[in-house]
Amino acid sequence: MGTTVRLVSKALLGAAVGALAFGASAQAQELKNINFMSSNDGSCSVYPQFAMQAFGYLEKEGYKLTLLDSDTSVPYIAFLSNGDADVVMFDAAETLAARAAGQDMKIVYEAYQRAPEGIVVLDDSPIQSLADLKGKTIGLAEQPDEITTQIALDSVGMTLTDVKTFVVGNQGPVMAMALRDKTIDAFAGGSSDRAAIEAQGVKFRNITPDAISMNPGNSLGVWGPTLEEKRPMINAFLHAWAQAQQAGIIDTKAVVAACKVAIPEQFENMALGSKMIDYGVYTLQLRRTVKYGELQADIWKTIQPGFLKAGIITAEIDPSTFLDTSFQDTAFDFTTQDVLDGIKKWKDANPDKVIN
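Residues numbered from 1 in each chain as written. Predicted model: local features only at pLDDT ≥ 70, side-chain atom pairs only at ≥ 80, totals over all residues. Heavy atoms only, no water.

(A) Structural context of the overall build of the chain. Scanning the chain from terminus to terminus reveals 17 helices and 10 strands. Here the chain has a C-alpha radius of gyration of 20 Å; the compact-globule value for 356 residues is 21 Å, and the two agree. For the chain, the spread of C-alpha atoms along the three principal axes comes to 60 × 45 × 35 Å. When the 356 residues of the chain are sorted by exposure, 54% land in the buried category. Within the chain, counting contacts between residues at least 6 apart in sequence, those at least 24 apart form 81% of the total. (Helix = DSSP H or I, 4+ residues; strand = E, 2+ residues; numbered from the N terminus. Rg over C-alpha atoms; globule rule 2.2 N^0.38 Å. Buried < 20%, exposed > 50% of the residue type's maximum accessible area, 1.4 Å probe, protein only. Contact = heavy atoms within 4.5 Å.)

See below:
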């Protein structure tokens, strides 16, 4: 999943998110709860999880959000199947692995229509492409990043036997030092990992081909057996999430400001913090379909050969068995004015936080 080390404690995060809300506390007490497991609950790289609360889109639906701790070694599917989580963010590998294991989960929304994982090298490295990695050492943020590496290398006719890999970890200073002192020639990890490296002043280049990155990098999944029971909740969550995505397009600075309240540590360097939000808004989470979150069965079919070779699945899986399109119209059912109204209400309530 490419999760990174927690940036704030649970207590601080809860307080920060609470500060985002603009409704009366009495009203907040009446809101129904949604337990959400994000790819990274402590990072504004997943900006809709904070914007949907800050701008009141979820509160308007009658719900509040509890962000579950994403820094866990337990497979995310377990939190969904045992009912601890109502909505979970899965990457493509987790989705296919869960379905291959017979887990009755459903993907209802493509949150990222581009994969956040990638392989980078120092800006001044002689390595210009994946083919140049033969015989080189690739550091991994986490062991699952080996899957991304294997699929990427396969695109140029190489395998993991052509390179050396080891887990560097996902702490910014450690990752940056490994690149700086040439312990590794390249680094494989997610967007939050790269942001942490960049925060250390390290300049790098992404050498991952677009063809590898163009897949549902993170999608929102629910548990099939309780889907109908939780349909109103899921509809509310997706409707709010889609508006939060659009808020990033309409007023990126407002999203930066709201996220800065939630996770101030990520904005100690405002330029880097803003760049992280820009990358999320205009690259990772940019809508590439007619509707937000629209499920692309053809893409899900196209990416499977790579996961077959990587051993994630043993046979191709029919996308219709895990894609549920019944929420798409509801998620997209809002106007630009709806999005603007939420942003304006937050700005009016937080004039000292507004970024001009």
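Moving on from the coordinates now.
(B) How the structure looks around helix α13 (residues 270-284). For α13, with 15 residues, the first-to-last C-alpha span of 20 Å sits near the 21 Å given by 1.5 Å per residue. Those residues of α13 lying buried are G273, S274, M276, I277, G280, V281 and L284. The elements touched by buried residues of α13 are β4 (105-112), α9 (191-198), α11 (231-250) and α12 (252-262). The residue sitting at the N-terminus of α13 and contributing the capping side-chain oxygen is N269; that oxygen lies 3.1 Å from the backbone nitrogen of A271. (Expected span 1.5 Å × (residues − 1). Polar contact = N/O pair within 3.5 Å; in protein donor to acceptor, adjacent residues only side chain to side chain.)

(C) Quick look at the nonpolar core. Ranked by internal contacts, the top residues of the largest apolar core, which has 55 residues, are F55, Y109, L220, F237 and W241. Top element by residues in this core is α11. It accounts for 10 residues. Here W241 is in contact with F36, V46, P48, Q49, M52, M89, Y109, A111, L220 and Q285, once residues within four sequence places are set aside. Within the second largest apolar cluster, 41 residues are counted, among which are L80, V163, A188 and W223. (Core = buried A, V, L, I, M, F, W, Y, C linked by side-chain atoms within 4.5 Å.)

(D) Structural detail: the confidence of the model for the chain. For the chain, per-residue confidence averages 90 on the pLDDT scale, and 92% of positions sit at 70 or higher. Under a pLDDT of 50 for its full length, residues 1-16 has, in the predicted model, 47 contacts with residues more than four places off or in other chains. In this model, residues 21-26 is a region of pLDDT below 50 whose contacts with residues beyond four sequence positions or in other chains number 7 contacts. (pLDDT = per-residue confidence, 0-100.)

(E) Structural view of the sheet that holds strand β1 (residues 32-37). If you trace the 5 strands from one edge of the open sheet to the other, you get β2-β1-β3-β10-β4, paired in mixed fashion. With partners counted over all chains shown, the strands left at the sheet margins are β2 (63-67) and β4, one partner each. Pairs of neighbouring strands in the sheet enclose a mean axial angle of 30°, with direction left out of account. Pairing between β1 and strand β3 (residues 87-90): 2 bridges, direction parallel. From the neighbouring strand, F36 faces β3, where its bridge partner is V87. Set on the sheet, α11 makes contact with β1, β2, β3, β4 and β10 (218-223); between it and β4 the angle comes to about 15°. (Pairing = 2+ DSSP bridges. Axes fitted to C-alpha atoms, helices over the stretch in contact; angles between N-to-C directions.)

(F) The packing of aromatic side chains, seen in detail. If you walk through the whole model with that rule in mind, you get 8 aromatic pairs. An aromatic cluster is defined as three or more aromatic residues linked by ring pairs; in this entry it consists of F36, F237 and W241. Sitting over the face of the ring of Y292, R287 holds its NZ or CZ atom 4.8 Å from the ring centroid. (Phe/Tyr/Trp six-rings, centres within 6.5 Å; stacked < 30°, edge-to-face > 60°. Lys NZ or Arg CZ within 6 Å of the ring centre and 35° of its normal.)

(G) Seen up close, the sheet that holds strand β7 (residues 164-167). Spatially, the 5 strands line up as an open sheet ordered β7-β6-β8-β5-β9, and their pairing is mixed. With partners counted over all chains shown, the strands left at the sheet margins are β7 and β9 (204-206), one partner each. Across the sheet, the mean angle from the axis of one strand to that of its neighbour is 30°, orientation sign disregarded. In this structure, strand β5 (residues 118-122) lies alongside β9, joined through 3 bridges in antiparallel fashion. Within β9, the position partnered with L122 by the bridge is F204. This element, helix α7 (residues 145-154), spans β5, β6 (137-140), β7 and β8 (186-189) of the sheet and lies at about 140° to β6.

(H) Structural view of the pattern of salt bridges. Within the structure shown, the criterion is met by 10 salt bridges. Between E198 and K275 there is a salt bridge whose closest N-O contact spans 2.6 Å. One end of the pair, E198, is in helix α9; the other, K275, is in helix α13, with 77 residues separating them in the sequence. Between K301 and E316 there is a salt bridge, with the nearest N and O atoms lying 3.9 Å from each other. Remark: E316 occurs in the loop between α15 (304-309) and α16 (328-331) and K301 occurs in helix α14 (residues 297-302); sequence separation between them is 15 residues. With a relative accessible area of 48%, K301 lands in the partly exposed category. Residue E316 is classed as partly exposed on the basis of its relative accessible area of 44%. (Salt bridge = Lys/Arg side-chain N within 4 Å of Asp/Glu carboxyl O.)

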